[in-house]
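The lines below spell out each chain.
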Amino acid sequence: LMRNDFADAVSDCNEAIDIDEGYASAWGIRGTAKHRHGDHDGAIHDLCKALELDPGNSWAEPILEEAIEACEHLRKLQSIRNAAKASQNREDEPENDEPVND
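Reading guide: rules and limits
Residues numbered from 1 in each chain as written. Predicted model: local features only at pLDDT ≥ 70, side-chain atom pairs only at ≥ 80, totals over all residues. Heavy atoms only, no water. Helix = DSSP H or I, 4+ residues; strand = E, 2+ residues; numbered from the N terminus. Contact = heavy atoms within 4.5 Å. Expected span 1.5 Å × (residues − 1). Buried < 20%, exposed > 50% of the residue type's maximum accessible area, 1.4 Å probe, protein only. Phe/Tyr/Trp six-rings, centres within 6.5 Å; stacked < 30°, edge-to-face > 60°. Lys NZ or Arg CZ within 6 Å of the ring centre and 35° of its normal.

**Student:** I'd love a proper account of the environment of His 40, names of residues and values included.
**Tutor:** As for its position among the elements, His 40 is in helix H3 (residues 40-53). Each C-alpha atom of the pair His 40 and Leu 64 lies 9.0 Å from the other, and the pair is 24 residues apart in sequence. Ignoring any residue separated from it by four or fewer positions in sequence, one finds His 40 in contact with Lys 34, His 35, Ala 67, Ala 70, Cys 71 and Leu 74.

Shown next as structure tokens:
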């Protein structure tokens, strides 16, 4: 993780968790790696698990808060993009000013 090799960090943690699902540090490190790599939903899951296993974990909680903030920020951006796209689509639709004949 210190070398910014997130894929290896996740892989190593996967192996550790496969051996011992109660290894809180592996969950926390994997969550940190996922957060730094942009997988904020996965990070939230893993960091919550780390805190569930070790409620006194002092370093996982701030990273969890960062991941939650990043997730919320990305969702807001996506919502804005969707609204802008919908608005653009409405503007691109041809106007039909012809009267309807019954």
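**Student:** Outline helix H2 (residues 24-37), supporting the account with residue identities and numerical values.
**Tutor:** Residues spaced three or four apart along an α-helix face the same direction, because each turn holds 3.6 residues. In this model, H2 (14 residues) spans 20 Å end to end at C-alpha, consistent with the 20 Å of a helix rising 1.5 Å per residue. Extensive coverage of H2 is indicated by the burial of ten of its 14 residues. Looking at the buried residues of H2, the elements they touch are helix H1 (6-19), H3 and helix H4 (60-92). Immediately beyond the C-terminal end of H2, within one or two residues, lies Gly 38, with a positive phi of roughly 100°.

**Student:** Describe in detail the packing of aromatic side chains, supporting the description with residues and values.
**Tutor:** Taken as a whole and judged by the stated rule, the model has zero aromatic pairs. The ring of Trp 27 has Lys 49 lying over it, and the distance from NZ or CZ to the ring centre is 5.8 Å.

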